[in-house]
Amino acid sequence: MILSMLLEKTKEAGRRFIRVRGLTIDLTEKRVLENEEEIRVSPVEFFLLRYLAINKGKEVSTDQLLTYLWKKDVFLLEESIERIMDILRSKIGQSQPAQQYIAINNKSYKLLEV
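Computed from a predicted structure; not experimentally measured. (Residues numbered from 1 in each chain as written. Predicted model: local features only at pLDDT ≥ 70, side-chain atom pairs only at ≥ 80, totals over all residues. Heavy atoms only, no water.)

**Some points on the sheet that holds strand S6 (residues 102–105)**
Applicable threshold: Only when DSSP finds a minimum of two bridges between them are two strands counted as paired. Only DSSP runs of H or I with at least four residues qualify as helices, and only runs of E with at least two residues qualify as strands; both kinds are numbered from the N terminus onward. Note on definitions: a residue-residue contact is assigned when non-hydrogen atoms from the two residues lie within 4.5 Å. For helices, the fitted axis covers only the stretch in contact; all axes are lines through C-alpha atoms, and the angles between them, taken along N-to-C directions, range from 0 to 180 degrees.
Read across the sheet, 3 strands follow the order S5-S7-S6 without closing on themselves; strand pairing throughout is antiparallel. Since the sheet does not close on itself, it has two edges, and those belong to strand S5 (60–61) and S6, each with one partner. In terms of strand pairing, S5 meets strand S7 (residues 108–111) through 2 bridges, oriented antiparallel. Paired with serine 61 across the two strands is serine 108, which belongs to S7. The strands touched by helix H2 (residues 43–54) are S5, S6 and S7; relative to S7, the strand with the most contacts, the crossing angle is about 70 degrees.

Below, the structure written as structure tokens:
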């Protein structure tokens, strides 16, 4: 038991995470977990969720998201962001359907902390 705990700690050494409630975004492995269960997300979904997590609690406009993605050499239209966010919202928060992680307000998005 102690050995397995040490191995887990060693495995996590050097990795970076962002945790918001039951959501864990593993920045090193580019993985998303909700309550320790992995959620499959596309690279674009991961980048969007990562940006929202870095700015958690703050509203982020569609333009800010597009600019961020352009720096990652991902070129999308505004409508694509809306569609991808809908898909992402359907993937996370499924263990507790009433639980919402991403709030949408007009043309902006926010990762909720509470």
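**Re unusual backbone geometry**
Positive phi outside glycine occurs at arginine 21, with the angle close to 50 degrees. Tracing the backbone through its elements, the reader meets arginine 21 in the loop between strand S1 (17–20) and strand S2 (23–26). Although it is not a glycine, glutamate 36 sits at a positive phi angle of roughly 70 degrees. Tracing the backbone through its elements, the reader meets glutamate 36 in the loop between strand S3 (31–34) and strand S4 (37–39).

**Looking at the pairing of S6**
Bridge count between S6 and S7: 4 bridges; the pairing is antiparallel. Within the sheet, the bridge partner assigned to alanine 103 lies in S7 and is lysine 110. Taken together, S6 and the strand that follows it, S7, pair antiparallel across an intervening segment of 2 residues, in which asparagine 106 is found at a positive phi of about 60 degrees.

**Digging into the environment of isoleucine 104**
By secondary structure assignment, the location of isoleucine 104 is in strand S6. Separated by 18 residues in sequence, isoleucine 104 and aspartate 86 place their C-alpha atoms 9.6 Å apart. Residues within four places of isoleucine 104 in sequence aside, it is in contact with Asp86, Arg89 and Tyr109.

**What about the nonpolar core?**
Across soluble globular proteins, nonpolar side chains have a tendency to be buried as a group. The cut-off we apply is this: Remark: nonpolar core denotes a set of buried residues (Ala, Val, Leu, Ile, Met, Phe, Trp, Tyr, Cys) joined through side-chain atoms within 4.5 Å. Only protein chains enter the accessibility calculation, which uses a 1.4 Å probe; a residue whose area is less than 20% of its type maximum is buried, one above 50% is exposed, and one in between is partly exposed.
Among the nonpolar cores identified, the biggest contains 30 residues, and Leu49, Met85 and Ile102 are the most heavily contacted of them. The set of elements that each furnish at least two residues to this core consists of S1, S2, H2, helix H3 (62–71), helix H4 (78–91) and S7. In terms of residues, this core owes the most to one element, H2, which gives 8 residues. Ignoring anything within four residues of it in the chain, the contact list for leucine 49 reads Leu23, Ile25, Val32, Leu88, Ile92, Ile102 and Leu111.

**Topic: H3**
Think of an α-helix as 3.6 residues a turn; residues three or four steps apart then line up on the same face. Note the following rule: The directions considered for the arc run from the helix axis to the C-beta atoms.
Taken together, the buried positions of H3 are occupied by Thr62, Leu65, Leu66, Tyr68 and Leu69. Mapping the buried residues of H3 onto a view down its axis gives an arc of 160 degrees, with all of them on the same face. Exposed and oriented more than 90 degrees from the buried face of H3 are Asp63 and Lys71. Lining the buried residues of H3 we find H2, S5, H4 and S7.

**Let's talk about the side chain of threonine 24**
Along the chain, the position of threonine 24 falls in strand S2. Residue contacts for threonine 24: discarding those within four places in its chain leaves Phe17, Ile18, Arg19, Arg31, Val32 and Leu33.

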